[in-house]
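The residues making up each chain are set out below.
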Amino acid sequence: MPCRSRSCSVSLQRYLVLSTAIFAAAAADAVAASVGDLVRDARCFAKCYRQIAAEQPKCYSGCLNERWINKPGECPVGDLDSVASLDRPCLEQCNSDDFCQAEYKCCRHSCGITCQQPVGLAEHRPGLPDVPNVVAVSDYGKALVVEWSAPFPGTSAGHVTYVVQERHHVGAAYVPERMTTWAMVTRTDRTREQFRQLHAPGRWFQFRVAAINENGTSGYSPPSDQFFVEIGPHVDPPGPPQDLMVSSLKWTNKDYQQCVLSWKPPAESVLPVRKYKVFISVRDGPHVYHKRNVVPAVS
Ligand SMILES: *[C@@H]1O[C@H](CO)[C@@H](O)[C@H](O)[C@H]1NC(C)=O
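Residues numbered from 1 in each chain as written. Predicted model: local features only at pLDDT ≥ 70, side-chain atom pairs only at ≥ 80, totals over all residues.

**Student:** Kindly report on the site of the ligand, identifying the contributing residues and their values.
**Tutor:** Around the ligand lies a shell formed by Gly127, Ala157, Gly158, Asn213, Glu214 and Asn215. When grouped by side-chain class, the residues that make up the shell around the ligand number 1 nonpolar, 4 polar and 1 charged. (Near = placed C-beta within 6 Å. Nonpolar A, V, L, I, M, F, W, Y, C, P; charged D, E, K, R; others polar.)

Listed below in structure tokens is the structure:
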């Protein structure tokens, strides 16, 4: 739009530049997304492990389809327990344990029936594997290696398999409140795994592991000590933002024109992008004005 009058230059100075960045989560954030119900899968895997190969698929799909109504542990009782009331909405959310994700049980409380984390699993229960302990997290250069304790020799819980969860945050100092929520990483029969996808510099990680057999799980290990993935001497700055687009100007009222400037995050960035600098040049007759904005990255 050509701009000749004085009023136009005033309004130009007051452009609203709306910036939108569609933030593609950094590698570590993307892989950690929870997929399906790994605890239920793991239980069925353990249950069918000793079947002959030809029977395994049938056993496994049968197990996944059957209702899992008596999950180990007890419901937290009364309103005096440690469950925050916000986590116990007045809802009818489930009618048996089978409706609840992972190890969660369907529990009645003063004003509803909802899925709750079971209690009373800490002590050893016959028929369930003991809670493991994460014994080491190490940086192998291209991967993080996590190790946890095997069942005590001589305890019999049938075939035991493990699910591993992680949580993390970016930053120089560890701040527990900034940790993501726990997310599934893998299921494995081993007691040591390496995770290349989690080798993300500048992040604090914690891991926890649950041992699962055909009857379910006694719950997750205590979180491992927080582990920092070193940034190393050279970190490349992020590449340029991509797909920069500007919509045409629209008058929002008689003083303002508005356009939308949008872009996508750089393809490569070792550390998450925190802010973008936006340079704007405005031509008004013979004059060119430069402006600069710093906008926070949407994450
Ligand atoms: C699962 O629980 C049942 C009933 O408590 C028990 O008989 C069985 O031995 C348990 N399975 C394993 C592998 O311990």
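**Student:** Give me the sheet that holds strand 8 (residues 192-195): which residues, what numbers.
**Tutor:** One open sheet holds the 3 strands; their spatial order is 4-5-8, and the pairing between them is antiparallel. Each edge of the open sheet carries a strand with a single partner, namely strand 4 (134-139) and strand 8. Adjacent strand axes in the sheet meet at a mean angle of 15 degrees when their direction is disregarded. Bridge count between strand 5 (residues 144-148) and strand 8: 4 bridges; the pairing is antiparallel. (Pairing = 2+ DSSP bridges. Helix = DSSP H or I, 4+ residues; strand = E, 2+ residues; numbered from the N terminus. Axes fitted to C-alpha atoms, helices over the stretch in contact; angles between N-to-C directions.)

**Student:** How would you explain unusual backbone geometry if you had to name every residue and give the values?
**Tutor:** Despite not being glycine, alanine 102 shows a phi value in the positive range, around 50 degrees. Tracing the backbone through its elements, the reader meets alanine 102 in the loop between helix 4 (56-65) and strand 2 (105-109). The class for alanine 102 is buried, based on 22 C-beta atoms found within 10 Å. Not every positive phi belongs to a glycine, and aspartate 243 is a case in point at roughly 50 degrees. Here aspartate 243 shows up in strand 12 (residues 242-246). Since 9 C-beta atoms lie within 10 Å of it, aspartate 243 is described here as exposed. (Buried ≥ 20, exposed ≤ 12 C-beta atoms within 10 Å, placed from the backbone.)

**Student:** Lay out helix 3 (residues 38-48) in plain terms, naming residues and giving numbers.
**Tutor:** In terms of burial, helix 3 is a largely internal element, 9 of the 11 residues being buried. Taken together, the buried positions of helix 3 are occupied by Leu38, Val39, Ala42, Arg43, Cys44, Phe45, Ala46, Lys47 and Cys48. Tucked into the core, helix 3 has its buried residues touching helix 4, strand 6 (161-170), strand 7 (183-188), strand 9 (203-213) and strand 10 (216-220). (Contact = placed C-beta atoms within 7 Å.)

**Student:** Before we move on, can you summarise the environment of aspartate 189 with the specific residues and values?
**Tutor:** Its place among the elements puts aspartate 189 in the loop between strand 7 and strand 8. Taking the C-alpha atoms as reference points, aspartate 189 and alanine 211, separated by 22 residues in sequence, lie 9.3 Å from one another.

**Student:** Could you give an account of the packing of helix 3 against helix 4, with specific residues and numbers?
**Tutor:** As a packed pair, helix 3 and helix 4 sit with axes 9 Å apart at the nearest point and diverge in direction by 140 degrees. If you check the angle between helix 3 and helix 4, you find them oblique. By crossing handedness, the relation of helix 3 to helix 4 is classed as right-handed. Across the interface between the two elements, Arg40, Cys44, Phe45, Lys47 and Cys48 from helix 3 touch Gln56, Cys59, Tyr60, Cys63 and Leu64 from helix 4. Tallied by class, residues from the contact of helix 3 with helix 4 come to 7 nonpolar, 1 polar and 2 charged. (Parallel < 35°, antiparallel > 145°, perpendicular 65-115°, else oblique. Left-handed = near helix turned anticlockwise from the far one by under 90°.)

Read these as spatial facts, not as claims about activity.
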